Amino acid sequence: MPHEVGTSLELVTIDIFKGEAKTPAILAKNPNGKIPILEDGDLVLWESAAMLAYIAAKAGRTDLAPTTPRERAEVDSLDRVGGRSLRPRDPQGRLPAHREEDRGARRSG
């Protein structure tokens, strides 16, 4: 999208396989230790849909992102559903427990 709107970016290579996404510098920007991260002055974004919406809005490109409250809400709701729908669930629709104490609580609950 930055290229589409004529915005230049400074790209920084992060080697996730060497743990560079978990350094104190990256964790200060994104406590989840994930990339990408977009910085613009003192603004730090670490959610890709928010980055795209921000870049489009800052460039004044209303053709790339919705501008009315209804359209924005529709896109935002699809974005939020998309991330959750890809995670595996059990037959009751619950996310699987990843910690031993959660697995024990699920069996007894």
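Residues numbered from 1 in each chain as written. Predicted model: local features only at pLDDT ≥ 70, side-chain atom pairs only at ≥ 80, totals over all residues. Heavy atoms only, no water.

A. Quick peek at a nonpolar patch on the surface. A cluster of nonpolar residues, Ile16, Phe17 and Ile35, forms a patch on the protein surface that exposes about 360 Å² of accessible area. Relative to the assigned elements, Ile16 resides in the loop between helix H1 (2-5) and helix H2 (24-29). (Patch = residues over 30% accessible without salt bridge, like charges linked within 9 Å, V, L, I, M, F, W, Y side chains within 5 Å. Areas by Shrake-Rupley, 256 points an atom, 1.4 Å probe, with all protein chains shown as cover. Salt bridge = Lys/Arg side-chain N within 4 Å of Asp/Glu carboxyl O. Helix = DSSP H or I, 4+ residues; strand = E, 2+ residues; numbered from the N terminus.)

B. Spotlight on the nonpolar core. Formed by Val5, Leu38, Leu45, Met51 and Ile55, the largest nonpolar core amounts to five residues. What Leu45 contacts, discounting residues up to four positions off in sequence, is Pro36, Ile37, Leu38, Ala50, Met51 and Tyr54. (Core = buried A, V, L, I, M, F, W, Y, C linked by side-chain atoms within 4.5 Å. Buried < 20%, exposed > 50% of the residue type's maximum accessible area, 1.4 Å probe, protein only. Contact = heavy atoms within 4.5 Å.)

C. Highlighting unusual backbone geometry. Cis peptide bonds are those with omega within 30 degrees of zero, and the linkage from Ile35 to Pro36 qualifies with 15°. Looking at where Pro36 falls in the secondary structure, it is placed in the loop between H2 and strand S1 (38-40).

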